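Working through the structure, step by step
Below, each chain spelled out in residue letters.
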Amino acid sequence: MFFFTIRRIVASVLVLLASSFLVFVLCAASFDPLAKYYSRNPQPPPEFFDQLRTQLGLDDNFFVRYWHWLSSALTGDFGQTIGGTAVTDQLWGRLWVTGRMIFFAVVIAVVLAILVGVVGAVRQYKPSDYAFTFLAYLLIALPTFWFAALLKEFVAGGINDAFGRQVLYTLGEESPGISSYGTPSEIFWDRLGHLVLPTICLALLSFAAWSRFQRSAMLDVLGSDYMRLARAKGLTYRRTVMKHGLRNALIPLTTVVALGIGTLFGGAIITEQVFVWHGMGEYLLKNGIGQNDINVVLGWLLISAVFVVLFNLVADVLYAVLDPRIRLA
Amino acid sequence: MKFSKRGAALVATGVAGAMVLSACGGGSSDSGSSGGGSGRVIVGESADFPENLFPLISAGNVTSVANIEAQLFPSAFDVKPDFSVEYNQDLLTEEPTLDVTDGVQTNVYTINPDAVWSDGEPITAEDFIFSWQLQRSSDPADGGCAALLNTTGYSSIASVEGSGDDDKTVTVTYTTPYADWQGLWSGSSNPVFPSHVLKAASPEAQCEATTAGWPIADGIPQDISGGPWQIKKDNIDVGSQIVTLTPNENWYGEPTGLAQLVIQNIGSDPTTAVQGIQNQEVGVIYPQPQLDLVGQVADLAPEVDSSISFGLSFEHLDFNTTDPLLADPVVRQAFGMALDRQEIVDQTVGQFSSDAQVLDNRIYVNNQPQYVDNAPDEYKTQNTAQAKSLLEGAGYVLGSDGIYAKDGQRLSFQIDTTANNPLRETTVNVMIPQLKEAGIEATFNANPDIFAGPEKPTSLIAGGFQIALFAWVASPFITSNESIYQQVTGDNVGQNYSRLGTPEIDALFDELVAQPDPDQAADLANQIDVLLWDQMATIPLYQKPTFLAWNSSTENVEDNASQSGPLWNSSTWTTSQ
């Protein structure tokens, strides 16, 4: 397992190198960080453009630019934004925001996906299965931005109207400045009120697809020989399903969930946008692509890719936990 | 029993996690709200959260900083909602004087004896001198700094001197007269800076400090302020993108009506802004106007008030006169006559407000006091017949496809504009059939490189376009128009993307730039616009609207669609909530 992990990490480093080079090529060819200054009126003086070109290294050879970035990145320095702020400083803050947003969503989505997937498989073609299938496909089909807008408009509006006060919030992580005047309990409920809708939005949309994987895997397992053998040996149906069926059926879901979580760390872009959480997705779109800032895009890419790789490794380890045959191999 | 223990552990972990995650956000702490009125108003800021708060450099010269610092530093003149320019009666005791004797311009400013910075230091001529020296040159060899976005005006000053009691009289002498002198030491992007806080030991150190600016995480040096509001470092929450302004305890004017003004970045999505104000999470929003959004906000009355204004930003067409077809003035004139600009206004900004008008001036917008309708009669309304006869008189022949041609060249043009801009797309789509009636073919092209640098062949500056639709921002300070309309010399097009000019226009601009009397300068500007209509290298279309909505419990909110922005009078806001 140790050497397996090392091999995976080495391969991942090569993937990261190749992807960073590819993204650097694309960004260097298409980004023009000076563009927004040409149309300013009055236009900045020539000295300004010269200074900015030098500062951003735009006069350097392409490979020299990439080497500068790479050699700094290896020491944990992702360079500066066009505005002169260290990308590394910004990335950790953004990552923390995204992490807080997705944590509960992932937990809820996984639990719901397993429950619904198992029930759907065990009670295949029963009304409950049809109901869950309908719900899952409905959620899969809903565009995220629309679902989020519905939550804001009707769930937040409805609950707040019902309570006659602000219970659920639609903007940001907390009411501005509440930490300066609120009691600890007020701050707690305020932040929870801000967390609910984005969590529900992410959880339900993730759960929908994951529950289908779980149902499918469970159906495969339920039809296998060892399940029949377990029943023939006298195990109860519940014990067979929980102990032998579910454990094996969790392996495919583990892969999907691990990849999903890794990707979510790159930013739940639309959810962040709609609920105004200033996380990784917004960082890529606004600060990176929106500002033609190559260092921001590459910093984002590297951190996001690290999480994808990391959660892939986590998935590999979980396979071993779930299936002793993998451990032995 | 075993299961219940696990369950209990899970629940406990979940609750603990919730508490940790809920409690561990980045947060602001001390709000320090003493010294002002009562209540707080949250402004939903649509512009990007700034990285830097220093307005003289690129990272800090952005809309969000202009709003945050709208009333933070002293300003000699302010632009009012009607675009008039008035001296700041808090900072100055009387209107600054203007004197031009023997071609030498002198202005005298008298500073309020009570005017002090937030740390109690008096605001004096020394601060004016420092602010001038800070911005007088971009050339490091001359003691300047290349990071400066603009040195216009300050580079024309020969001296700034202090005198009088407590150094409260400022005398400014120019090397050459300067028309926009009221724009210096004025506005949130160009105010009076505190010398005692910012002055460095040498020009090199000063330039280093200028280049670094004021990173937002560090706040403003020593939390200094010279206006009604103050930003304390502790009140900047970078993670949540929230800046809280509190009253400046040493403010020498009318106290603020609020105890806190909170500026929260809510992103540029107008729907988010409307839902935010509907849910009472923000009290004021200033989103890009969209038809459905304006309607949604109107439905929130009487809890929410709103206003539509027409700002200084205006849309126009630029003809590239190096194009073989557009080099012919007859073609440009026929193009102008073929357009029904009233219809374009009706189909675009006219949908927002019946106050929308056709813009007939390139220097001033309709609601500026100096605006004059300079458009010749033939361009005031659609004049298809005259356009056709003009083309036929110049040898163009109408083809079987309904498009004029001459020497095998059809009058077919591509109109470039920015991508993903529905207003501009509609504008072009309204133009196309109008032009077709006059035998001119036009197509829409969303050009992502339109504002790129010279290395992108289809950019405005590289000249790889035929006709471009984009906006310029007008100003009460008009000398900046010179770079748009002066003749091109060599490869340096400046911002004259039509690449056309005349010696007469240049001569009038020379006169205008050196005319410090505002009335005479306005007269010169309108003379220039008349010549620009003759030249017909650009066509003004309409002003763009701005949209401000606020919770009706907040009083005194009023849009200022100039560079002053919606928070220009935020110190006078009060709230009953």
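Residues numbered from 1 in each chain as written. Chains lettered and ligands numbered in written order. Predicted model: local features only at pLDDT ≥ 70, side-chain atom pairs only at ≥ 80, totals over all residues. Heavy atoms only, no water.

- Per an unreviewed UniProt entry, chain B goes by Peptide/nickel transport system substrate-binding protein and derives from Klenkia soli.

- Going by the annotation in an unreviewed UniProt entry, the name recorded for chain A is Peptide/nickel transport system permease protein, with Klenkia soli given as the source organism.
- Within the UniProt record for chain A, the comment given under Sequence similarities (unreviewed entry) is "Belongs to the binding-protein-dependent transport system permease family." (UniProt positions renumbered as here; feature names shortened; annotations may be inferred.)

Points about the pattern of salt bridges
- One pass over the full model with this rule turns up 17 salt bridges over all chains.
- The salt bridge partner of K286(A) is D48(B), with a shortest N-O separation of 4.0 Å. With K286(A) in helix α13 (residues 280-289) and D48(B) in the loop between β1 (40-45) and α2 (63-68), this residue pair bridges two chains.
- Where E315(B) meets K544(B), a salt bridge forms, and the shortest distance between an N and an O atom there is 3.3 Å. One end of the pair, E315(B), is in strand β12 (residues 304-319); the other, K544(B), is in strand β19 (residues 538-551), with 229 residues separating them in the sequence.
- One salt-bridge network, in which partners are shared between bridges, spans R94(A), E282(A), K286(A) and D48(B). (Salt bridge = Lys/Arg side-chain N within 4 Å of Asp/Glu carboxyl O. Helix = DSSP H or I, 4+ residues; strand = E, 2+ residues; numbered from the N terminus.)

Quick word on the side chain of Q543(B)
Residue and element names in this part refer to chain B.
- With respect to the helices, strands and loops of the structure, Q543 is situated in strand β19.
- Its relative accessible area of 6% is what places Q543 among the buried residues.
- Side-chain polar atoms of Q543 contact the backbone nitrogen of N366, separated by 3.3 Å.
- Here the side chain of Q543 touches N367 through a polar contact of 2.7 Å, side chain to side chain.
- Ignoring any residue separated from it by four or fewer positions in sequence, one finds Q543 in contact with F310, G311, S313, F314, V349, V365, N366 and N367. (Buried < 20%, exposed > 50% of the residue type's maximum accessible area, 1.4 Å probe, protein only. Polar contact = N/O pair within 3.5 Å; in protein donor to acceptor, adjacent residues only side chain to side chain. Contact = heavy atoms within 4.5 Å.)

Looking at the packing of helix α5 (residues 87-122) of chain A against helix α11 (residues 237-265) of chain A
Residue and element names in this part refer to chain A.
- Their axes nearest at 10 Å, the elements α5 and α11 cross at an angle of 150°. Taken together, α5 and α11 sit at an angle that is classed as roughly antiparallel. Here the hand of the crossing between α5 and α11 comes out right-handed. Along its contact with α5, which presents L95, T98, G99, I102, V106, V110, I114, V118 and V122, the element α11 presents Y237, V241, L246, L250, L253, V257, I261, L264 and F265.
- Here the contact of α5 with α11 is built from residues that sort into 16 nonpolar, 2 polar and no charged. (Axes fitted to C-alpha atoms, helices over the stretch in contact; angles between N-to-C directions. Parallel < 35°, antiparallel > 145°, perpendicular 65-115°, else oblique. Left-handed = near helix turned anticlockwise from the far one by under 90°. Nonpolar A, V, L, I, M, F, W, Y, C, P; charged D, E, K, R; others polar.)

Section: the UniProt feature "transmembrane region" (unreviewed entry) in chain A
- The feature "transmembrane region" (unreviewed entry), as annotated in UniProt, sits at residues 101-122, 134-151, 192-210, 249-277 and 297-322 of chain A in this numbering.
- Secondary structure over residues 297-322 of chain A splits into 100% helix and 0% strand, and the C-alpha atoms at its two ends are 37 Å apart.

A closer look at the state of the cysteines
Residues and elements named next belong to chain B.
- Under the defined criterion, the tally for this structure stands at 1 disulfide over all chains.
- Each disulfide pairs two cysteine sulfurs, and for C145 the partner residue is C207, the sulfurs being separated by 2.3 Å. One quick way to see it: the torsion about the S-S bond of C145 and C207 is about 70°, and its sign makes the bridge right-handed. Taken together, the positions of C145 in the loop between α3 (125-135) and β6 (157-163) and C207 in helix α5 (residues 203-212) put the pair 62 residues apart, joining distant regions of the chain. (Disulfide = S-S within 2.5 Å.)

Quick notes on the domain arrangement of chain B
All names here are of chain B.
- If you check the domain split of chain B, you get domain 1 (49-218), domain 2 (234-308 + 552-575) and domain 3 (311-545).
- The centre of domain 2, based on its C-alpha atoms, is set 35 Å off from the matching centre of domain 3.
- Summed over both partners, the interface of domain 2 with domain 3 comes to about 680 Å²; 72% of that surface belongs to carbon and sulfur atoms.
- Linking domain 2 with domain 3 are 0 residue pairs in polar contact (both at pLDDT 80 or more).
- Here the side of domain 2 that touches domain 3 is built from residues that sort into 5 nonpolar, 3 polar and no charged. (Domains from an automatic or database assignment. Buried area = accessible area lost by both parts, 1.4 Å probe.)

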